Amino acid sequence: MQENFSLKPYNTFGVDVKAKYFIEVQTLEELRDAIHYSKNHDLHILFLGGGSNILLTKDFEGLAIKLSLKGIDEKDLNDNEILVTTKAGENWHEFVMYSLEKNYGGLENLSLIPGNVGTSPMQNIGAYGTEIKDIFVSCSVLDLENLELKTFNLEDCRFGYRDSIFKQEGKGRYVILEVTFKLTKKDHHIKTEYGAIKTELENLGISHPTIQDVSKAVINIRQSKLPDPKETGNAGSFFKNPTIPLAQFEDLKRKFENIPGYPNGDVVKVPAGWLIEQCGWKGKQIGNVASHKLQALVIVNATENATGKEIYDFSTAIINSVQEKFGIELEREVNIL
Ligand code: EPU
């Protein structure tokens, strides 16, 4: 265990805050020991996965536990389907690459998403027409109330858009230890409906894409507009895309005729990136913080010296502008601590 430990390498924003205590755990036993220690010493716990969806605004006075449980297990279901169980501490993108090397289908649209496997169910990570709920079977968790193991299946998780039980009533109660996915071995369901994928595959001259081609297209798209956290601190989309009533959307359409929207019954999902750009934030920098020049929804630690508070204040200013111009309240997607 380390004391007064900088968490800068453990959050993709690269914010330099300290944890009073820090420990990295590789096994369930080590995790249980660390939790016992925190209970005996009356310390709050902060669990760290890949650190890609968190904004640390102040020093943490408790015990930060970095989850580094590793390992991948496979179990054939039939001649086309396989169950793959992956421990929480495996890096998400490396896991996607592993599955593609073995020609297992289902994860290709989720290539290059930062973070670890263990946090993927928290907000039902999604991109380019796929969410993990599409291939999710179950996850096993440690219940912090009684330190017992529990399994959550697909229905138990109550997945929604960037949402799950782990962000709602289960918040702070469970530590995800491993996740089981159902992948295909040969009859892959190729998803290329998302416009940007279609265009990229055309650019690559591919008319009958394999799962590896889809992954390549997704990687190209992401690299062309999303900043690499290794180079510029960020946490991907900072806000969720808001959903507004159809009537409100129609009102807005009269005033802003180019407003994009994806109708779904009597509500419409509006791209937050567009709203933020219209308010003049795209590429704008204040002090150490900026809205990314190629994707306004992403807030970046432009100088690598931003504090969590500066980033938080910048996000509040964006929320206020969008509220004022469009009457829409943006919700942060990133967890604030
Ligand atoms: N747009 C703008 N200006 C911008 C950015 C976006 O006008 O600066 C508009 C455009 O009209 C564009 C539309 O927004 O057509 C959608 O943009 P994009 O395809 O980049 O997707 P997004 O809605 O901004 C979401 C996810 C991303 C995911 C992409 C692709 C959320 C909060 N974000 O972004 O997820 O990669 O779709 O599926 O749903 C993440 O969660 O961290 C993340 C990066």
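Because the structure is a prediction, the values reported are computed rather than measured. (Residues numbered from 1 in each chain as written. Predicted model: local features only at pLDDT ≥ 70, side-chain atom pairs only at ≥ 80, totals over all residues. Heavy atoms only, no water.)

Chemist: Whenever I open this one, the domain arrangement of the protein confuses me. Can you help?
Modeler: A common way to state how big an interface is: give the accessible area lost once the parts meet. If you check the domain split of the protein, you get domain 1 (2-67), domain 2 (72-225) and domain 3 (233-336). Each of domain 2 and domain 3 has a C-alpha centre, and these two points are 26 Å apart. Summing both partners gives a buried area of about 670 Å² for domain 2 against domain 3, and 41% of it is carried by carbon and sulfur. The partner of R162 in a salt bridge is E333, and the shortest N-O contact between them spans 3.2 Å. There are three residue pairs in polar contact (both at pLDDT 80 or more) connecting domain 2 and domain 3. Considered class by class, the residues forming the side of domain 2 that touches domain 3 number one nonpolar, two polar and three charged. (Domains from an automatic or database assignment. Buried area = accessible area lost by both parts, 1.4 Å probe. Salt bridge = Lys/Arg side-chain N within 4 Å of Asp/Glu carboxyl O. Polar contact = N/O pair within 3.5 Å; in protein donor to acceptor, adjacent residues only side chain to side chain. Nonpolar A, V, L, I, M, F, W, Y, C, P; charged D, E, K, R; others polar.)

Chemist: In this structure, what is going on with the UniProt feature "domain: FAD-binding PCMH-type" (unreviewed entry) in the protein? I would like to understand it.
Modeler: The UniProt record marks residues 15-186 with the feature "domain: FAD-binding PCMH-type" (unreviewed entry), using the residue numbering of this structure. End C-alpha to end C-alpha, residues 15-186 measures 43 Å, and it is 16% helix and 37% strand. (UniProt positions renumbered as here; feature names shortened; annotations may be inferred. Helix = DSSP H or I, 4+ residues; strand = E, 2+ residues; numbered from the N terminus.)

Chemist: I would appreciate a short explanation of the UniProt feature "active site" (unreviewed entry) in the protein in the present structure.
Modeler: In the numbering used here, UniProt assigns the "active site" (unreviewed entry) feature to R162, S237 and E333. Spanning 172 residues, the named residues form one tight spatial group whose C-alpha atoms are at most 10.9 Å apart. Structurally, R162 can be placed in the loop between α3 (154-157) and β12 (174-184). Those residues within four positions of R162 in sequence are excluded, and the remaining contacts are Q123, N124, I125, G126, K167, K240 and E333. One polar contact links the side chain of R162 to the main-chain carbonyl oxygen of G126, over a distance of 3.0 Å. If we ignore the near neighbours within four places in the chain, the residues touching S237 are L297, V298, E333 and V334. (Contact = heavy atoms within 4.5 Å.)

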